[in-house]
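What the coordinates show
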Amino acid sequence: MALACRIVAEALEELKGLVKPGVTTLELDRFVETFILDRGGAPAFKGYRGYPNSLCTSINSQVVHGIPSPHSMLEEGDIISLDLGVYYDGYYGDGAVTYPVGNISTSARKLLDVTEDALYEGIGMARPGYRISDISSTIQTYVEKKGYSVVRDFVGHGIGRSLHEEPQIPNFGPSGQGPRIKEGMTFAIEPMVNAGDYAVVIMEDKWTAVTKDGSLSAHFEHTVAVTKDGTVIMTQLKKD
Ligand code: MF3
Ligand code: CO
């Protein structure tokens, strides 16, 4: 799993350098698919329930599952969420980031920061003895305190030999519920945060989720492992 997750982390880091005005979302998808295959992995999303690409690219008010297209070109001031799953030698890794395209507004910057911070708040609860919904509740409380809302229609999940395993990990709800967290468990934690209301609608392509009120949305995700030495964020590159 660590190897699958490292490919996710490296790919998302490489994509950071490619995200700029004038680039199409299909170019990002093509790049990342080659990147994964070159490292002996396979794209986990391609063909998953009929999803057509390797990367999900969701711009501005798009929340998740935006489909890469040669007609969708990044513009200065956009934000773009990139969600990537990799299969490697029997195991899965899953991660997402939202990047700014060039210079973005202060309010967009704040949305990105709050969403990423909410992910880390949630990861902080992924420790032996806590329950799954302690992660959920911590994320929701943090996000709402900052004046934003958490999406209800998509959730985090267990991950390992399958991309999506039990349990579901909502980004909202009361604490103290669900399975107790134990050493050896591996989770994908992934808050999606809207600047406005939490409601989303699915577009005609049957995949792309957008905010109902047209507000901006951000998404950050890590795959983590609960170990005896603490919680390891496997989709994070080691800083040196
Ligand atoms: N966004 C989902 C997740 O992170 C994965 C979507 S898979 C797709 O768990 F193939 F449907 F895009
Ligand atoms: Co996921």
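Anyway, here's the lowdown on the structure attached to this text. Bear in mind that the values here come from a model prediction, so they are computed numbers and not experimental data. (Residues numbered from 1 in each chain as written. Chains lettered and ligands numbered in written order. Predicted model: local features only at pLDDT ≥ 70, side-chain atom pairs only at ≥ 80, totals over all residues. Heavy atoms only, no water.)

1. A short note on the coordination of the cobalt ion (ligand 2)
Operational definition: Metal sites are built from N, O and S donor atoms within 2.8 Å, or 3.2 Å for Na, K and Ca, and they leave out water, so they may look incomplete. Here the metal geometry follows the donor angles, with tetrahedral for four donors whose angles all fall between 85 and 135 degrees, square planar for four and octahedral for six when opposite donors are more than 155 degrees apart and every other angle is between 65 and 115, and irregular for all the rest. Secondary structure elements follow DSSP: runs of H or I no shorter than four residues count as helices, runs of E no shorter than two count as strands, and numbering proceeds from the N terminus. The buried label applies to any residue whose accessible area, calculated with a 1.4 Å probe on protein chains only, is under 20% of its type's maximum; exposed applies above 50%, and partly exposed to all values in between.
Every protein donor of the cobalt ion (ligand 2) is listed here as Asp94 (OD), His157 (NE2), Glu190 (OE) and Glu221 (OE), and their distances to the metal cover 2.0 to 2.2 Å. Around the cobalt ion (ligand 2), the six donor atoms are arranged such that angles at the metal cover 58 to 173°; this shape is classified as irregular. Taken in chain order, the donor set of the cobalt ion (ligand 2) reads D-x62-H-x32-E-x30-E. Within this pair, whereas Asp94 is found in strand 5 (residues 91-100), its partner Glu190 is found in the loop between strand 9 (186-189) and strand 10 (192-194), the two being separated by 96 residues in sequence. Here Asp94 and Glu190 have matching classes, each one buried.

2. Section: the state of the cysteines
Rules: Two cysteine sulfurs form what is called a disulfide whenever their separation falls within 2.5 Å.
Overall, the coordinates contain zero disulfides when judged by the stated rule. Its sulfur unpaired, Cys5 is 16 Å from the next cysteine sulfur, which belongs to Cys56.

3. Comments concerning helix 4 (residues 132-145)
Going by this rule: Given the number of residues in a helix, its expected span is that number minus one, multiplied by 1.5 Å. The contact criterion used is simple: two residues touch if any of their non-hydrogen atoms lie within 4.5 Å.
When the terminal C-alpha atoms of helix 4 are compared, their 21 Å separation across 14 residues agrees well with the 20 Å that a helix rising 1.5 Å per residue should span. For helix 4, a buried count of 11 out of 14 residues is recorded, marking the element as mostly surrounded by other parts of the structure. For helix 4, every residue scored as buried is listed here: Ile132, Ser133, Asp134, Ile135, Ser136, Ser137, Thr138, Ile139, Gln140, Tyr142 and Val143. The inward-facing, buried residues of helix 4 abut helix 3 (106-123), strand 6 (149-150), strand 8 (165-169), strand 9 and strand 10. With its phi angle positive at about 90°, Gly147 sits one or two positions after the end of helix 4.

4. What to know about the site of ligand 1
The condition is simple: Definition of nearness: a residue and a molecule or strand are near each other if at least one heavy atom of the residue lies within 4 Å of the molecule or strand. Nitrogen and oxygen atoms within 3.5 Å of one another constitute a polar contact, given that in protein one can donate a hydrogen and the other can accept it, and given that sequence-neighbouring residues count only through two side-chain atoms. With residues, only the protein chains shown are counted as cover, and all accessible areas are computed by Shrake-Rupley using a 1.4 Å probe. When residues are sorted by character, Ala, Val, Leu, Ile, Met, Phe, Trp, Tyr, Cys and Pro go into the nonpolar class, Asp, Glu, Lys and Arg into the charged class, and all the rest, Gly among them, into the polar class.
Around ligand 1, the surrounding shell consists of Phe45, Tyr48, Tyr51, Cys56, His65, Asp83, Asp94, His157, His164, Glu190, Trp207 and Glu221. With respect to ligand 1, the side chain of Glu221 contributes an N or O atom lying 3.1 Å from an oxygen atom. Protein chains shield 95% of the accessible area of ligand 1, which is 340 Å² for the free molecule. Within the shell around ligand 1, the residues separate by chemical class into five nonpolar, three polar and four charged.

5. Structural notes on the side chain of Thr24
Position of Thr24 relative to the elements: it lies in the loop between helix 1 (2-18) and helix 2 (25-38). Judged by relative accessible area, Thr24 falls into the buried class, the value being 9%. Leaving out residues up to four positions away in the same chain, Thr24 has contacts with Ser69, Pro70, Ser72 and Met73.

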